[in-house]
Amino acid sequence: QQQELRDMRVADPLLRLVLQDNVSGLRRSVAESVIIFLHGHEKCSEVDRLMEVNVVGDYCVPILEQSLERKEFRGMFPFL
């Protein structure tokens, strides 16, 4: 199923969404999560672009920290 979504280039519109300035934190989080889920296992342009906009510092680390503390992150409660 993941390969089918990659073949359909689902990450392309999601990446455009992530790169927009006027996107809510919740929408951005969902888009970032899906891109990472689909492409995080490989070296590719989608992950490279996320790295360029500091997805690790702005999304991955903060959501993990908030999850561990059972706190809200961008309008959601990402508990582990």
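Structure's up top.
These numbers come from a predicted model, not from an experiment.

So, the packing of aromatic side chains
Line of reasoning, step 1. A complete count under the given rule lists one aromatic pair for this structure.
Line of reasoning, step 2. A centroid spacing of 6.0 Å and a plane angle of 55° characterise the contact between Y59 and F73, whose relative ring orientation is tilted. Taken as a pair, Y59 in helix α5 (residues 55-68) and F73 in the segment after α5 lie far apart in primary sequence, 14 residues in all. We note that Y59, like F73, is buried.

Regarding the side chain of H39
Line of reasoning, step 1. Considering the arrangement of structural elements, one finds H39 in helix α3 (residues 25-39).
Line of reasoning, step 2. Accessibility expressed as a relative area gives 5% for H39, which makes it buried.
Line of reasoning, step 3. Sequence-distant contacts of H39, that is, excluding residues within four places in its chain, are made with R6, A11, C44, E46 and V47.

Examining the packing of helix α2 (residues 11-19) against α3
Two quantities define a packed helix pair, namely the angle between the axes and the distance from one axis to the other.
Line of reasoning, step 1. Relative to each other, α2 and α3 sit at 140°, their axes nearing to 9 Å. Our classification of the angle between α2 and α3 gives oblique. The element α2 and its partner α3 pack so that their crossing is left-handed. Touching A11, L14, L15, L17, V18 and L19 of α2 are R27, R28, A31, E32, V34, I35 and H39, all from α3.
Line of reasoning, step 2. Split by residue class, the contact of α2 with α3 holds nine nonpolar, one polar and three charged.

About the thresholds
- Residues numbered from 1 in each chain as written.
- Predicted model: local features only at pLDDT ≥ 70, side-chain atom pairs only at ≥ 80, totals over all residues.
- Heavy atoms only, no water.
- Phe/Tyr/Trp six-rings, centres within 6.5 Å; stacked < 30°, edge-to-face > 60°.
- Helix = DSSP H or I, 4+ residues; strand = E, 2+ residues; numbered from the N terminus.
- Buried < 20%, exposed > 50% of the residue type's maximum accessible area, 1.4 Å probe, protein only.
- Contact = heavy atoms within 4.5 Å.
- Axes fitted to C-alpha atoms, helices over the stretch in contact; angles between N-to-C directions.
- Parallel < 35°, antiparallel > 145°, perpendicular 65-115°, else oblique.
- Left-handed = near helix turned anticlockwise from the far one by under 90°.
- Nonpolar A, V, L, I, M, F, W, Y, C, P; charged D, E, K, R; others polar.

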